[in-house]
Amino acid sequence: MHPQELKQILSSGLLSFPLTDFDAAGDFNAKTYAERLEWLAPYGASALFAAGGTGEFFSLTGGEYSDIIKTAVDTCRGKVPILAGAGGPTRQAIAYAQEAERLGAHGILLLPHYLTEASQDGLIRHVEEVCASVKFGVVVYNRGNSRLTADSLEKLAARCPNLIGFKDGIGDIELMVSIWRRMGDRFSYLGGLPTAEVYAAAYKALGTPVYSSAVFNFVPKLAMDFYHAIAADDHATSNRLLDQFFLPYLEIRNRKAGYAVSIVKAGARLVGHSAGPVRAPLTDLTEEEDAMLHKLILAQGPQ
C-alpha cells in the first residue's frame, strides 16, 4: 500500500489497537489472537494497529513481535489494513519497522524511543532514520519523551515523504493548534490520549476527527456508536454515552497506574473474549474492580 493511500485511510473513521493474547503461562496465543481479529474486523474500524500500546508492545520479545504481526496480516488480509507498532532505540525501531514491512503490514506507528531525554535535533534524526529504512507509511506518536514541535515536524515532512501521520498522546492544545495550523493536510492527525473518546469532541474541533478506541476491544458496537455520534455532531448521544459509560469507566481506570491497558483486558475477558493476563510491570484489575466493570458493561446492552 502506497503511503498516500494509507494516509487517506487514516484520515477518517475509527481506529483501534487490538489486545495481544497471552495464554495461562503468559506466552503469545496466536489462535485466540486470530479469533479476536476476526471478531473485531466486521465492526467497521478503518485500520487496526497490531502490537501497539494497548497490545503491550513494550513487553514483547522480537520473536513474539514477528508472530503477532504475521498473524494480524494473515487474518485481516482483504478485510482491514494492519499497522504495526515499532519503537524503542533507533536501531531497534528500524529492525521492528523493517520486519513489519517484510511481513506485509501496511505501515507503522512509531512509538516513543523510551527513557532517555532527547533534543529536537535528536528526535528528528531518530524519526528520519526510521522513515528512511522502509518504504511504507509511518505515523509518529507524540508521547512521553518523544515530543516533536511544529518546527521539527515541518523539517521531517520535507525530508520524509513516507511520514504521513501524526498521533497525539500528550493533550497539549497549544501544541496541537500550532502543528495543525503549520502543517495543514500534510499529515493525517490521530487523537491518541488514553480513553480518547473523552477528548474526541475537543479534538474534532481542532481538526483531528480521527482517534483510536481502546474500548473497541470489548464494546465495539458502543465504540462505533460513539464515533458516529461525534462525527454527526449528535451531542445528545455522545453526552449520554459519556455519562453512562465513559466517565464511570474512567473512575475505574484511574485507580491505578497502567490500568489503561489492564482494564481493556479485563473488559475483553468479561465479554467472553479473554486475551489472558497483562504482563509485568502491569497488574490486572482486582475482583472488586472486575465486578464494577462487569456491571457497567452489562448496562450497555448486547454488542
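Residues numbered from 1 in each chain as written. Predicted model: local features only at pLDDT ≥ 70, side-chain atom pairs only at ≥ 80, totals over all residues. Heavy atoms only, no water.

Below, the discussion takes up the side chain of Thr-195. Looking at the element boundaries, Thr-195 is found in the loop between strand 7 (188-191) and helix 8 (200-205). Thr-195 sits in the buried class, given a relative accessible area of 9%. Within the structure, the side chain of Thr-195 is placed 2.8 Å from the side chain of Arg-253, a separation counted as a polar contact. Residues contacting Thr-195, with those up to four places away along its chain left out, are Phe-246, Tyr-249, Leu-250 and Arg-253. (Helix = DSSP H or I, 4+ residues; strand = E, 2+ residues; numbered from the N terminus. Buried < 20%, exposed > 50% of the residue type's maximum accessible area, 1.4 Å probe, protein only. Polar contact = N/O pair within 3.5 Å; in protein donor to acceptor, adjacent residues only side chain to side chain. Contact = heavy atoms within 4.5 Å.)

Applying the stated criterion across every chain yields a total of one cavity of 30 Å³ or more. Here the largest cavity defines a volume of roughly 40 Å³. In terms of lining residues, the largest cavity is bounded by Gly-191, Gly-192, Leu-193, Ala-196, Tyr-199, Ala-200, Tyr-203 and Tyr-211. Per-class residue counts for the lining of the largest cavity are six nonpolar, two polar and no charged. (1 Å grid on protein atoms, 1.4 Å probe; cavity = no way out; pocket = protein on both sides within 12 Å on 5 of 7 lines; lining within 4 Å. Points joined across faces, edges and corners; volume = space filled by probe spheres on them. Nonpolar A, V, L, I, M, F, W, Y, C, P; charged D, E, K, R; others polar.)

Positionally, Pro-112 belongs in the loop between strand 4 (107-110) and helix 5 (120-132). In this structure the C-alpha to C-alpha distance between Pro-112 and Ala-93, which are 19 residues apart in sequence, comes to 9.4 Å. Look past the residues within four positions of Pro-112 in its chain and what remains in contact with it is Gly-87, Gly-88, Arg-143 and Ser-146.

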